Amino acid sequence: MVLSRLFGKKDPFAKLQKAYSEKRWADCLRLGEQVDLSSLDNTQAAEASGMLDSAGDALCLINIDEGAACLRAGDLQKAREHFELAQKQARSEEMRHKAEGLLAGADWDEESKPVSEEGGCASGSCGTPVGKTVEQSEPQALDEDSHLELILSSYPAELIERYLGKSAVFRQAFLAAHDGRNQESLDGFDQVDEAERDELYFYERGLVRDRLGDFPGANRDLKKVLSLNENHGQALVSLIALHWRNDHREEVETLAQKGIESGIAAGFCLGRMAALRLSQERLEEALEFGRRAMSQGAVDLETTLVTAAALEKTGNIDEAEKVLSSIGTSGCGGARQASPYLAEFWLRHGRNMDKAIDAFNQAARVEPGNPRWIFRVGEAYLAKGWKKEGRALLERALLQSSLDPQLAAQGKKYLSDD
């Protein structure tokens, strides 16, 4: 499956949930690579995808915070490292654009060296140098105004001034929410004066209620936002995601169709319709929605994978390869490399084996604790006829307890065949 993210043993979805609840963002992303979305039910798959997106953006914000602190301290080298890492960790377009803007806008010293010259890419694309723990680091303390402005940098420009003009009570609840102190945030929002409870209030409180598992409250708040401002695209996106996680397919379809018709968050809504139709095995419709989404610039990973899956399942192999080629990752020196998703496609179809091996090896360097990629290299070696080397790598992968059980069974079958 194009959507494959492989499970480890002992319910890695539960491990992902635990890491997310404890705000261990880097662990979330590591565990996410072991989660096979296609083996989950719709609710869990959507929840896993949402947690991974949130974890990536949280890491991005941490590194933006640290980069800003380093910039103020005059340490341009470290500031640039943090901003480059933030750019690669970002999942949302808003956060990615913010990191890109910081990189483009700073007055870098000519002697500032790229991250790779310090022994490895901080982004992880070349492996983090021994002793570096930048992904797990906590943001340096910022004053309230700076912290607020950094968070709001990912918000629509027309809303930023309104947030900055909010009361101290609202701001404290808002900052608590973005620091992961959800119950404290909810308690704070309850103290906000009734006169200040506009669509911004209900949007932020709705997100907090969602994170606390209060579906009815989150649903009411997000629908209230749209009743006050039908053009609030992020509220529509959040409401659709809420119902997707709770497997309310009819509601997802109703909301997504409304977004498509109104043009509010239309790209996201088209992508959700594609995912919905793919889950229903209505492949031609999934493909139509996916193509429309991508034509409108909806190039998020999930929409890309869904569209590629629909293409592959309908026999449009070359087009599926082209779509997967758009994912791309950056290697050392910023060189564009094939993603593991594209490499797995090549492996399935016997294409570009040498490039696939390079991509799997790169993924193994990025995630040295994930046996999936060593397993894939072993598979590719077998496909090239390098039986001795391939079997050795499969045996090595099978020694790892975190290898997905399905892959483990497949590996044992490989090894039992002469």
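Residues numbered from 1 in each chain as written. Predicted model: local features only at pLDDT ≥ 70, side-chain atom pairs only at ≥ 80, totals over all residues. Heavy atoms only, no water.

### Quick notes on the nonpolar core
Item 1. In this structure, Tyr-163, Phe-174 and Leu-324 are the most contacted members of the largest nonpolar core, which totals 94 residues.
Item 2. Setting aside anything within four residues of it in sequence, one finds Tyr-163 in contact with Leu-152, Tyr-155, Phe-170, Phe-174, Leu-200, Tyr-203 and Glu-204. (Core = buried A, V, L, I, M, F, W, Y, C linked by side-chain atoms within 4.5 Å. Buried < 20%, exposed > 50% of the residue type's maximum accessible area, 1.4 Å probe, protein only. Contact = heavy atoms within 4.5 Å.)

### Quick look at the pattern of salt bridges
Item 1. Counted by the stated rule, this structure contains 25 salt bridges.
Item 2. Note that Lys-166 is salt-bridged to Asp-198, the shortest N-O span being 2.8 Å. Here Lys-166, found in the loop between helix H7 (157-164) and helix H8 (168-178), pairs with Asp-198, found in the loop between helix H9 (182-189) and helix H10 (199-211); they are 32 residues apart in sequence, far enough to count as distant. Side by side, Lys-166 and Asp-198 carry an identical accessibility label, which is buried.
Item 3. Measuring nitrogen to oxygen at the nearest pair gives 3.4 Å for the salt bridge that ties Arg-249 to Asp-247.
Item 4. Relative accessible area serves as the criterion here: at 31%, Arg-249 is assigned to the partly exposed category.
Item 5. Within the structure, one salt-bridge network assembled from shared partners comprises Arg-162, Lys-166, Asp-198 and Glu-199. (Salt bridge = Lys/Arg side-chain N within 4 Å of Asp/Glu carboxyl O. Helix = DSSP H or I, 4+ residues; strand = E, 2+ residues; numbered from the N terminus.)

### Notes on the packing of helix H18 (residues 340-349) against helix H19 (residues 353-366)
Item 1. Remark: H18 packs on H19, axes separated minimally by 9 Å, with the N-to-C direction vectors making an angle of 140 degrees. Viewed along their axes, H18 and H19 adopt a mutual orientation that is oblique. Handedness of the H18/H19 crossing: left-handed. Here H18 contributes Pro-340, Ala-343, Glu-344, Trp-346 and Leu-347 to the contact with H19, which in turn contributes Met-353, Lys-355, Ala-356, Ala-359, Phe-360 and Ala-363.
Item 2. Along the lines of polarity and charge, the residues of the contact of H18 with H19 split into nine nonpolar, no polar and two charged. (Axes fitted to C-alpha atoms, helices over the stretch in contact; angles between N-to-C directions. Parallel < 35°, antiparallel > 145°, perpendicular 65-115°, else oblique. Left-handed = near helix turned anticlockwise from the far one by under 90°. Nonpolar A, V, L, I, M, F, W, Y, C, P; charged D, E, K, R; others polar.)

### Focus: H19
Item 1. An ideal rise of 1.5 Å per residue puts 20 Å on 14 residues; H19 measures up with 20 Å between its terminal C-alpha atoms.
Item 2. Along H19, the residues that are buried comprise Met-353, Ala-356, Ile-357, Ala-359, Phe-360, Gln-362, Ala-363 and Ala-364. (Expected span 1.5 Å × (residues − 1).)

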